Every structure is written in structure tokens, then in C-alpha cells.
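Structural overview
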Amino acid sequence: MKLKALALSMLMAGLAMAADVTGKWTATVPGRDGATREVAYNFKANGANLTGTTSGFGGQGDIQISDGKVDGDNISWKTKVEFNGNSMTLTYSAKVSGDEMKVKQTREGSDQVREYSAKRSK
């Protein structure tokens, strides 16, 4: 019985240390030829699960995120976007520190990595 109580308290402590990412975040994302675009993320964290949307991809409106996970102060998710008639999956990982996160974005089938910061919108 004591072992179960200890395991439960350790689990609760781990959940309490999870990053609070629920809400809106904005980023200026680098693109081709030095151009940038504004992207917004609307996240909802529920334990280790992360859901939400992203917007700012060439007039596509809100795009649902998938495979969202929260692991301490690290989060990850995927989006599927359409560009010039082609569908592609973008994979994200981010490290959250307070009201800022450092994001790494990769495109399926490419070794190109984009790195940028996102800030919590007030």
C-alpha cells in the first residue's frame, strides 16, 4: 500500500512540474529569402496530452495539431499543411520556459530545421 501511495505522489509531482502551455502563443517564423510570417498557436494541455490549432500558413485558417504531447517543460506536436497543391507534415518540438518557448520545426522528408521563439500572448 505504501508503494502505491509513493508511486501516486511521484506521478502527481511530475504532472505538477509540467509546463503550463494552455493559451495563445505567437511567433515570427523565418522563411525563404529572409522573409518572415506571423504564426499563432492556441494550445490546451491536459496532463500529458496537447491539443489545439495553429494559424498563419498562407490563408489556410486554423489548422488542427495532432500527436500533441507534454513532457515536463518539453512539448511536441504535428500539423499537416497544404502548399501549392502539395500536402506536407510539419513536426515541432519546443522547450518552454515561463512565457517563452524555443521551437524547432522540421518538415517530413527534409533535413531542414527552423528554429525560433514563441511568446505567450497576454
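Owing to the predicted nature of the structure, the values given are computational and were not obtained by experimental measurement.

1. A short note on unusual backbone geometry
Notably, Asp67 is not glycine yet its phi reads approximately 50 degrees, a positive angle. Relative to the helices and strands, Asp67 is located in strand E5 (residues 66–71).

2. As for the pattern of salt bridges
Applying the stated criterion to the full structure yields four salt bridges. Where Lys95 meets Asp73, a salt bridge forms, and the shortest distance between an N and an O atom there is 3.2 Å. Placement of the pair is Lys95 in strand E7 (residues 86–97) and Asp73 in the loop between E5 and strand E6 (74–83), with a sequence separation of 22 residues. Among the residues examined, Asp73 registers a relative accessible area of 30% and is labelled partly exposed. Among the ionic contacts, a cluster of salt bridges with common partners joins Glu100, Lys102 and Lys119.

3. Quick word on the nonpolar core
Tyr41, Phe43, Ile75, Trp77 and Met101 are the most contacted members of the largest nonpolar core, which has 24 residues in total. Among the elements of the structure, strand E1 (23–30), strand E2 (36–46), E6, E7, strand E8 (100–107) and strand E9 (113–120) are those that each provide at least two residues to this core. Counting residues per element, this core draws most heavily on E7, which supplies four residues. The contacts of Phe43, once residues within four sequence positions are left out, are Val21, Thr22, Gly23, Trp25, Leu50, Thr51, Ile65, Ile75, Trp77 and Met101.

Parameters and conventions
Residues numbered from 1 in each chain as written. Predicted model: local features only at pLDDT ≥ 70, side-chain atom pairs only at ≥ 80, totals over all residues. Heavy atoms only, no water. Helix = DSSP H or I, 4+ residues; strand = E, 2+ residues; numbered from the N terminus. Salt bridge = Lys/Arg side-chain N within 4 Å of Asp/Glu carboxyl O. Buried < 20%, exposed > 50% of the residue type's maximum accessible area, 1.4 Å probe, protein only. Core = buried A, V, L, I, M, F, W, Y, C linked by side-chain atoms within 4.5 Å. Contact = heavy atoms within 4.5 Å.

Note that every value here comes from positions in space, so none of it alone points to a role or purpose.
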